[in-house]
Amino acid sequence: MSMAGKHVVVTGGGSGVGAEIARQFAAGGARVTIMGRREAPLRAIAKETGAFAVTADVTDRDELDVALSTARAENGPISIAIANAGAAPSTPFRKITGADFRASLAVNLEGVFNLWQATHEEMKTAGWGRLIAIASTAGLKGYPYVAPYCAAKHGVIGLTRALAQELGRSGLTVNAICPGFMDTPLLQDSIRTIMAGTGVDKDAATKTLIAGNPQKRLIDVAEVAGTALWLCSDAATSVNGHALSLSGGEV
Ligand code: NAP
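## Considering the sheet that holds strand β1 (residues 7-11)
Overall, parallel pairing links the seven strands, which are arranged β3-β2-β1-β4-β5-β6-β7 in an open sheet. Each end of this open sheet is capped by a strand with a single partner; those strands are β3 (52-55) and β7 (243-246). Between one strand axis and the next, the sheet turns through 20° on average, direction left out of account. The pairing of strand β6 (residues 172-179) with β7 spans four bridges and is parallel. Among the inter-strand pairings, alanine 176 is bridged to a residue of β7, identified as alanine 243. In the packing of helix α1 (residues 16-27) onto the sheet, contacts are made with β1, β2 (31-36), β4 (80-83) and β5 (129-134), and the angle to β2 comes to roughly 170°.

Quick look at the structure:
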């Protein structure tokens, strides 16, 4: 699928799903910008893929705006914005502080708002654009010990549906991809938390996470990146306002 002539910005592009999205869009001929807070992982993925790397915290709108200006100077107007940055610490509900709750909403929900609001006008001007969020099955169902994350990801799906209605006549589509559990650094943190809390080994901890997936497996990051590519293809022009579950039928 050719992405030639398109500039895609991927937040959280230095690891996990974001890095795979950078690989697949770069292979498709897109100009790719990856963002995140840590420079070293961004630099490594930039070296591998030819992407342009710029540090930014998606919760800080001013910092993000500066990073996006740097990205435009390098790669031109932005045509695809993929809000992928996220974090999912596990904590029992009674121990969650207000600060924990706000921090989860900041990265998992406001970070999506910040990226999309900062980039949608140039897409409207071009008459074509794609706003994509890497949400989660946690946006479609509940999971224990991640209440702020579930609340934020449900919010991402509400944002997606609202904007799909509002921007539908502008040549933009707005969609959320909702993967089940995937083997990334984020999941490895969850597995370590389960092992520490329950005393089970890594295999058993992984099995508890995939128990809800009828295919009994982790989702491959390549499936998520491929879905994002498809959403940018002509074949998906009418796909707008969806929360696409990639979960083997879990939800
Ligand atoms: P990951 O490798 O930990 O990726 C998260 C990325 O987000 C990191 O590159 C991180 O880079 C970046 N990030 C975190 N906070 C940020 C902030 N404030 N500003 C900018 N960047 C920030 O884990 P992943 O699994 O690939 O996660 C990617 C997305 O997939 C997340 O939205 C996650 O919720 C979603 N997801 C994951 C799973 C799963 O099982 N792994 C399942 C469903 C959905 P820095 O730390 O350098 O900033």
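## Describing the site of the ligand
Near the ligand lie 28 residues; those nearest to it are Ser15, Arg37, Asn84, Tyr149 and Thr184. Valine 17 is positioned such that a nitrogen or oxygen atom in its backbone is 2.9 Å from an oxygen atom of the ligand. Protein contact buries 94% of the 870 Å² of open area that the ligand shows by itself. The dominant element in the shell around the ligand, judged by the number of residues it contributes, is helix α6 (residues 185-198), at three residues. For the shell around the ligand, the class distribution of residues is 14 nonpolar, 10 polar and four charged.

## A look at the packing of aromatic side chains
Within this structure, the stated rule accounts for one aromatic pair. Ring geometry for tyrosine 143 versus phenylalanine 181: centroids 5.4 Å apart, planes at 70°, classification edge-to-face. Of this pair, tyrosine 143 sits in the loop between β5 and α5 (147-167) while phenylalanine 181 is found in the loop between β6 and α6, placing the two residues 38 residues apart along the sequence. Classification of tyrosine 143 as buried rests on a relative accessible area of 17%. Against the face of tryptophan 128 rests lysine 6, its NZ or CZ located 4.4 Å from the ring centre.

## Let's talk about helix α3 (residues 61-75)
An ideal rise of 1.5 Å per residue puts 21 Å on 15 residues; α3 measures up with 20 Å between its terminal C-alpha atoms. What α3 keeps buried is the set Leu64, Ala67, Leu68, Ala71 and Asn75. Projected onto a plane normal to the axis of α3, the buried residues spread over an arc of 105° and lie on a single side. For α3, the exposed residues lying more than 90 degrees away from the buried face are Asp62, Val66 and Ala73. Packing partners of the buried residues in α3 comprise β1, β2, β3 and α4 (98-126). Where α3 begins, one side-chain oxygen reaches toward the backbone nitrogen of aspartate 62, 3.2 Å away; that side chain belongs to aspartate 60. Just beyond α3, the residue with positive phi is glycine 76, at close to 85°.

## Remarks on the nonpolar core
Note that soluble globular proteins tend to have their nonpolar side chains buried in a common cluster. Core analysis: the biggest nonpolar cluster contains 33 residues, and Phe25, Ile34 and Ile82 have the highest contact counts within it. If you list the elements that add at least two residues to this core, you get β1, α1, β2, α2 (39-49), β4, β5, α8 (221-231) and β7. In contact with isoleucine 82, not counting residues within four places along its chain, are Val8, Val9, Val10, Thr11, Ile21, Phe25, Leu115, Ile132, Ile134 and Ala228. Among the nonpolar cores identified, the runner-up in size contains 28 residues, and Ala81, Trp116, Leu131 and Leu167 belong to it.

Parameters and conventions
- Residues numbered from 1 in each chain as written.
- Predicted model: local features only at pLDDT ≥ 70, side-chain atom pairs only at ≥ 80, totals over all residues.
- Heavy atoms only, no water.
- Pairing = 2+ DSSP bridges.
- Helix = DSSP H or I, 4+ residues; strand = E, 2+ residues; numbered from the N terminus.
- Axes fitted to C-alpha atoms, helices over the stretch in contact; angles between N-to-C directions.
- Contact = heavy atoms within 4.5 Å.
- Near = heavy atom within 4 Å.
- Polar contact = N/O pair within 3.5 Å; in protein donor to acceptor, adjacent residues only side chain to side chain.
- Areas by Shrake-Rupley, 256 points an atom, 1.4 Å probe, with all protein chains shown as cover.
- Nonpolar A, V, L, I, M, F, W, Y, C, P; charged D, E, K, R; others polar.
- Phe/Tyr/Trp six-rings, centres within 6.5 Å; stacked < 30°, edge-to-face > 60°.
- Buried < 20%, exposed > 50% of the residue type's maximum accessible area, 1.4 Å probe, protein only.
- Lys NZ or Arg CZ within 6 Å of the ring centre and 35° of its normal.
- Expected span 1.5 Å × (residues − 1).
- Arc of directions from axis to C-beta.
- Core = buried A, V, L, I, M, F, W, Y, C linked by side-chain atoms within 4.5 Å.

Interpretation note: all reported values are geometric properties and have no functional meaning in isolation.
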